[in-house]
Amino acid sequence: MTRPILLQSASLYQNGKMETMDLLFSGEKITKMESSIPTNKEMFTISLVGKKLYPGFINSHDHLLASYLPKVGGTEKHLSWLSYDNLYKSSGVFAERQQIDPEILYYLGAYKNLFAGVTSVFDHIPHFVQNPFRGILPVKLISDYSLAHSVGNYSLNWGEGPALEYRMAEHANLPFVTHLAEGLDDDSKQSLRMLEKMDALGPHSVLVHCLPFGPKEADKIAEKAASVVWCPTSNLHIFGKTTNIKLFLERGVNVCLGTDSSPSGSNHLLEELKTAKSIYFGLYGEELPEETLFQMITENPRKAFRKGNPNSLMPGLSCDFVVVNDGKKSSELNVSDLNWKHIDLVVIDGYPIYGSVEFLSLFQEFGLGTEEFSIDGKNMLVAGSPKKLMKQVSDSVGYKKSLAFLPNF
């Protein structure tokens, strides 16, 4: 076990505002957070003056097996997810993707998320597909859930059916996650009513997309205390429109943000934040507050996926955080302007997994081997070897492959 790590003078978001604090962690847990923590020779101390320390970001909807590019479609708009899925699976991109080992695809998706400051990701897939990759990736998979693929005539046979899956979620205090109304057709419009008739709509429900819903449906979701995951980039790419997200926010629905899969979604969560802010202003002529965006990738997913206290920066909780150097005032909460170059350090379960060369001594303190590369002109260190990973991809497809959600190694 390493020495306790003391991070000094970081700007943390606490109690609705940015506050300058010290944070001490040891092992996997945060042990102390105070305005000033005395140092001693047994601590490893790092100054974070001028930097912000946020809870690790959470990507609430991804499909890591689909971590591949280029995107397919975008000009032709669809009425249902199935129409787009058929287009994608008949494409040359999908055929090429099938040449790549599933483990490599999972690692690609994990690094995509890690480089954007994500520490946990919800990978929407049946457990038996995801199980081999739990605990081995550079980010954490949210692994405790019940699920259905979707509700309606096109639903895939995931799980034991929404009714039983929801009862299991209630019994074990898990989230029940499903695509809902991923389309504009009649099947999508009726899906909420169908879910309610199955007794699968309630506080454990995490509903992804909810595309065509209006005030009546938003009221029902709010009444049942369900959560909604918004994926605006993917919605626009496939359907040419997105959820009327303002309805859900006005009704106090717990809204989270997700990238969806690479063929239709954003390159990474930082890009999704920008899209969300831009789309909101375009739809409503109002700014989506930074605090609301921040909550969509931190405390709201913790509520939706039942991860305990929504405020993850607390003594006794897992040490998952991202250090940001955005060049803005330390008192200014800002996530919609973040780019790769602003991510300075990502710590997961108390281990530095990714960070700038400035933190080399921290990686050495943990005895971690790292790979160095440049991202947006900034020299970075990462545990593992994404360069080797991309070489394996290129070897699999027979030419040098590049992916926009990773730097050009």
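Remember, predicted model here, so these are calculated numbers, not experimental data.

When its secondary structure is counted, the protein shows 15 helices and 18 strands. With respect to the three principal axes, the spread of C-alpha positions in the protein is 65 × 50 × 45 Å. Sequence-distant contacts, at least 24 apart, represent 68% of the contacts inside the protein between residues at least 6 apart. Of the roughly 16100 Å² of accessible surface on the protein, 48% is carried by carbon and sulfur atoms.

What follows is about the state of the cysteines. Scanning the model with the defined rule gives zero disulfides in all. Unpaired in this structure, Cys 210 has its nearest cysteine sulfur neighbour in Cys 231, at a distance of 10 Å. Its relative accessible area of 0% is what places Cys 210 among the buried residues. Here Cys 256 stays unpaired: no disulfide links it, and the sulfur of Cys 231, its closest cysteine neighbor, is 10 Å away.

Moving on: the side chain of Ser 312. The topology assignment puts Ser 312 in the loop between α13 (299–304) and β14 (321–324). With sequence-adjacent residues up to four places away left out, Ser 312 is seen in contact with Ile 30, Pro 55, Arg 302, Leu 317 and Ser 318.

Moving on to the sheet that holds strand β8 (residues 140–141). Reading across from one edge, β6-β7-β8 is the order of the three strands in this open sheet, with parallel pairing throughout. The outermost strands of the open sheet, each flanked by one partner alone, are β6 (57–62) and β8. The pairing of strand β7 (residues 118–123) with β8 spans two bridges and is classified as parallel. Counterpart to Ser 120 in the pairing with β8 is Lys 140. Contacting β6, β7 and β8, helix α3 (residues 102–114) runs over the sheet at an angle of about 135° to β7.

Within this numbering scheme, the UniProt entry marks residues 169–350 as carrying the feature "domain: Amidohydrolase-related" (unreviewed entry). With 37% helix and 15% strand, residues 169–350 has end C-alpha atoms that lie 29 Å from one another.

Calculation criteria
Residues numbered from 1 in each chain as written. Predicted model: local features only at pLDDT ≥ 70, side-chain atom pairs only at ≥ 80, totals over all residues. Heavy atoms only, no water. Helix = DSSP H or I, 4+ residues; strand = E, 2+ residues; numbered from the N terminus. Contact = heavy atoms within 4.5 Å. Areas by Shrake-Rupley, 256 points an atom, 1.4 Å probe, with all protein chains shown as cover. Disulfide = S-S within 2.5 Å. Buried < 20%, exposed > 50% of the residue type's maximum accessible area, 1.4 Å probe, protein only. Pairing = 2+ DSSP bridges. Axes fitted to C-alpha atoms, helices over the stretch in contact; angles between N-to-C directions. UniProt positions renumbered as here; feature names shortened; annotations may be inferred.

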